[in-house]
Every structure is written in C-alpha cells, then in structure tokens.
Amino acid sequence: TAYNVAVLGATGAVGRRILDQLAQSTIPVGEVKALASARSAGQKISFKNQELTVAEATEDSFTDVDLVLASAGGSTSKTLAPAAVKAGAVVVDNSSYWRMNDQVPLVVPEVNAAALKEHQGIIANPNCSTTQLVMALDPVYRQFGLNQVIISTYQAASGAGKAAMDEVLAEAQARLLGDNMAELAHVLPVKGDKKHFPLAFNLLPQIDVFEEEGYTHEEYKMIHETKKIILGDKNAKDIKVTGTAVRVPVMIGHGESVYIDTGDENVTPDQIRQAIGAVDNVIIEDDPATQTYPQPLLAEGKRETFVGRIRPDLENPGAFHLWVVSDNLLKGAAWNTVEIAQILVEMDLVRVPAESSFA
Ligand code: A2P
Ligand code: 11C
C-alpha cells in the first residue's frame, strides 16, 4: 500500500523540512498535497522530482488522505485536525494545541512509541526543547530514578519562525555597520507581546508569553510535556522539573544545560553516559581532553540528539550536569513528526479507530 499524505503548513520553515524528511523516509508515499493559508495558494513547492501546487487548507482538504503531517500553528490544528480525522485521516500534529489532551498521545518514538497504539486519530509532536530533553532524561529515570531536573535552555531564533531569523540577521548587520538596531525588533521575544528587543549580540530570557508565578509558557511546556512523555501524567510528582528558557542569537539548534539529581549516591558519570548513549539516535560527544562537546553549528541538519559535558556535582553525590543539543527544526519538529508517521506505518496504525472521540 501507498499512503496519501497532506502536509499542512507546507510553506513554513518546519513544513518544508517535513516534505524533505518525508521524501527521505521509508514511508511508501502515494499522492502528496501541500496545504497552507490562502496567501500561499498557487505557490509551487518541490517534493522529490515532483512540483506540488500549494492549496488553501480547508475542512474539505482531506478526502482520500491517509496521513496529515501538520505544522501550521495551534488555531489551524484546532479546527483542521478533527476535520481530517472525520475524513478518515490520521494526523501527526506539531502544534501545541492537542499536546496535553488526554485522548492524544504525545510521542518521542525513542522514548514512548508504545503510546501510539492508543491513538484516536490525532498524535502530538512535543515542543522542540522538550523532545531533545526527554531523549536524555528517560534512560536515566528508567535505570536510576530521577528526583529533580533543572533546565536552562539556549534556544535558537528559528524556534520563533522565519521572521525571527530574518530579524536577528538584520539587527546584526545594522550593528556591524554602526546603525541603530533597536528599531529593527518587531518579532522577538514574542510576536504579539507589548515590547520587542533585539536578539543580536543579546540574550532574551523570555520565550512565549508570561503566565502564573513568573514562568513563561515555554517553561510550562517543558515541565508538563516532559512529565506526560516520561511518566504519562503532566501532574505526576515522581520527577520534579523546573527551568528557565532563554533565546540566544543562534540561528538553528537549541542547547540545554540540564542538572539531574538521581538521589542515588552510587551512580557514576560513566553509568549515566552509557545509559544515555544506549538510546537510539543519541550521540555522545564528550571528551574534554579533545575539546569534544555538542554545538548547534555541528548539530544543524542532523536528526540526532547530541549529549556531552556529562559530569558529577562535586558536592551532591548522585547529581550530574549534562549539555544537550539538537536541531530544533528536525528532531525538535519535522523529523520527529515524520519519524512518528514512519512508525505508524510500520506498526500498521494508519487508521482511525471506530470509537475515536474525534471522528
Ligand atoms: P502561509 O505560508 O500561507 O502563511 P512558519 O511558522 O514558518 O511561519 O509557518 C507557518 C505555516 O502555517 C505556513 O505554511 C503557513 O502558511 C501555515 N498557516 C498559517 N496560518 C494558516 C491557516 N490559517 N491555514 C492554513 N495554513 C496556515
Ligand atoms: C521556540 N520551542 O523555540 C519554541 C518553538 O510549541 O512547538 C516551538 C513551539 C511549539 O520558540
């Protein structure tokens, strides 16, 4: 069998990469539909050796479609994902809208592929900063336990979309030419928020809007999604998770400084290194003697998650530091989405169950 696939948000930074990853996947692909907003209808986009014509996404776009790979924002997925399921398609959604829904598995295949068996037609892809984090945390939790995790992120501009990347480059150029760059900030830190600041030559400790207790929405996503993926419950107390999300003037590739406390004094750094290194698609880059450690520039364009700087807390036995880097547009978005679809195909799960609450 070949599967007819619709890519929703095909013109976006992630959508284009979804088409690219789909072309390189093992999925037997039949017809491919490129869907976006009315603004892009008629635009041409390439897939393998075909030229696709972008069509406006509507509730009627999903007739004869088997799989929808969506990355067109939460409000689009809110209405179009159920419409696609009603038309008989299975949706893998990269937006945040469905992630915490109890009927929706939130999946990083290396960690919880088994959750796919319970799908009701919609499967959610986690936030990029969560995905690379759980690749490193899950094996530690399974083998040694985890009392507490404290994360500091160093997130690339591309997480905020193409306009944010263009803005940083324009600011950097202005600064190098001696021009004022402050007036060039219109998108970051958050498009709809009241103030905007330059990211070039700067750090912005705000990703997404502020919510309760002074945490940003990005920080809450990391806390809740991590618990749902590893523990199956966003409110589970088994692991205490907290952190700070910071935007840095890097184009592609999120970095994360992660402090983990296993509570077990006997665990050694080598055991942590081995546990994390045994996860599929994790690459350990960790050798101070040769200055080997993960870097965004080295991770760009790769599907893997890179982990290094693994070392013990010298005054708290059983606790460790990690440095985790991955391409936020690939493992953090497009590749994880296509990887989920590939596994759905392998597990013969590309069908909407009759009792689906979305159908
Ligand atoms: P378009 O290019 O027509 O605006 P990015 O995050 O890189 O900006 O990409 C967002 C993607 O989501 C784009 O493909 C965009 O299409 C698409 N999109 C945004 N709003 C809608 C909408 N209302 N319906 C369908 N697609 C949308
Ligand atoms: C960022 N993590 O770097 C965000 C982007 O929930 O999929 C991804 C938002 C999401 O700005």
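Values in this document were obtained by computation on a predicted structure and should not be read as measured data.

K.L.:
I'm lost on the packing of aromatic side chains in this one. Help?
P.N.:
Geometry of an aromatic ring pair is reported as the spacing of the ring centres plus the angle between the planes. Within this structure, the stated rule accounts for four aromatic pairs. Every member of this aromatic cluster is reached through a ring pair, and the members are Y97, W98 and F358. Sitting over the face of the ring of W335, R303 holds its NZ or CZ atom 3.6 Å from the ring centroid.

K.L.:
Help me understand helix α9 (residues 330-346) in this model?
P.N.:
Its 17 residues place the ends of α9 only 21 Å apart at the C-alpha level, less than the 24 Å of an ideal helix rising 1.5 Å per residue. Where α9 bends most, the angle comes to about 45 degrees, and this point is N336. With 16 of its 17 residues buried, α9 lies for the most part within the structure.

K.L.:
Help me out: how do you make sense of the site of ligand 2 in this one?
P.N.:
Close to ligand 2 lie 13 residues, the nearest being R99, N127, E218, K221 and R247. Contact with the protein chains hides 84% of the accessible area of ligand 2, taken as 320 Å² for the molecule alone.

K.L.:
When you look at the sheet that holds strand β11 (residues 254-261) in this model, what are you seeing that I'm missing?
P.N.:
Strand pairing in a sheet relies on backbone hydrogen bonds. The paired strands run either parallel or antiparallel. Across the sheet, which stays open at both edges, the six strands sit in the order β10-β9-β11-β14-β13-β12 with mixed pairing between neighbours. Each end of this open sheet is capped by a strand with a single partner; those strands are β10 (240-247) and β12 (282-284). Going from strand to strand, the sheet's axes swing by 20 degrees on average, the running direction of each strand aside. By the bridge criterion, six bridges tie strand β13 (residues 305-312) to strand β14 (residues 319-326) in an arrangement that is antiparallel. Across the sheet, residue R311 finds its bridge partner in β14, namely H321.

K.L.:
Mind showing me how you'd approach the site of ligand 1 here?
P.N.:
Around ligand 1 there are 13 residues in total, and T11, A13, S37, R39 and S40 lie nearest to it. Measuring from an oxygen atom of ligand 1, one finds a side-chain N or O atom of S40 at 2.4 Å. Here the shell around ligand 1 is built from residues that sort into five nonpolar, seven polar and one charged.

Parameters at a glance
- Position labels on residues start from 1 in each chain and follow its written sequence.
- Numbering of ligands from 1 and lettering of chains from A proceed in the order in which they are written.
- Totals for whole chains, interfaces and linings use all residues, but because this is a predicted model, local features are given only for residues with pLDDT of at least 70 and pairs of side-chain atoms are given and counted only at 80 or more.
- Side-chain metrics in this entry use all non-hydrogen atoms of the structure; hydrogen atoms and water are not considered.
- Any two rings among Phe, Tyr and Trp, with Trp reduced to its six-membered ring, count as a pair given centres within 6.5 Å; such a pair is stacked if its planes are under 30 degrees apart, edge-to-face if over 60, and tilted if neither.
- Consider the ring centre and the ring normal. A charge sits over the ring if Lys NZ or Arg CZ is within 6 Å of that centre and within 35 degrees of that normal.
- Put simply, DSSP H or I for four residues or longer makes a helix, DSSP E for two residues or longer makes a strand, and each gets a number counted from the N terminus.
- A helix is expected to span 1.5 Å for every residue after the first.
- Bend, in this description, refers to the angle at a residue between axes fitted to the seven residues ending there and the seven starting there.
- For every residue, the accessible area obtained with a 1.4 Å probe (protein chains only) is divided by the maximum for its type, and the residue is called buried under 20%, exposed over 50%, and partly exposed between those limits.
- Any residue with a non-hydrogen atom lying within 4 Å of a molecule or strand is treated as near it.
- To measure how exposed things are, a 1.4 Å probe is used in the Shrake-Rupley method; for residues, cover is taken only from the protein chains shown.
- A pair of strands is labelled paired if DSSP reports no fewer than 2 bridges between them.
- Inter-axis angles, ranging from 0 to 180 degrees, are taken between N-to-C directions of lines fitted to C-alpha atoms, where helices are fitted over the stretch in contact.
- Polar contacts, as counted here, are pairs of nitrogen or oxygen atoms within 3.5 Å of one another; within protein the pair requires one atom able to donate a hydrogen and one able to accept it, and residues that are adjacent in sequence qualify only if both atoms are side-chain atoms.
- Amino acids outside the nonpolar list (Ala, Val, Leu, Ile, Met, Phe, Trp, Tyr, Cys, Pro) and the charged list (Asp, Glu, Lys, Arg) are all regarded as polar, and Gly is one of them.

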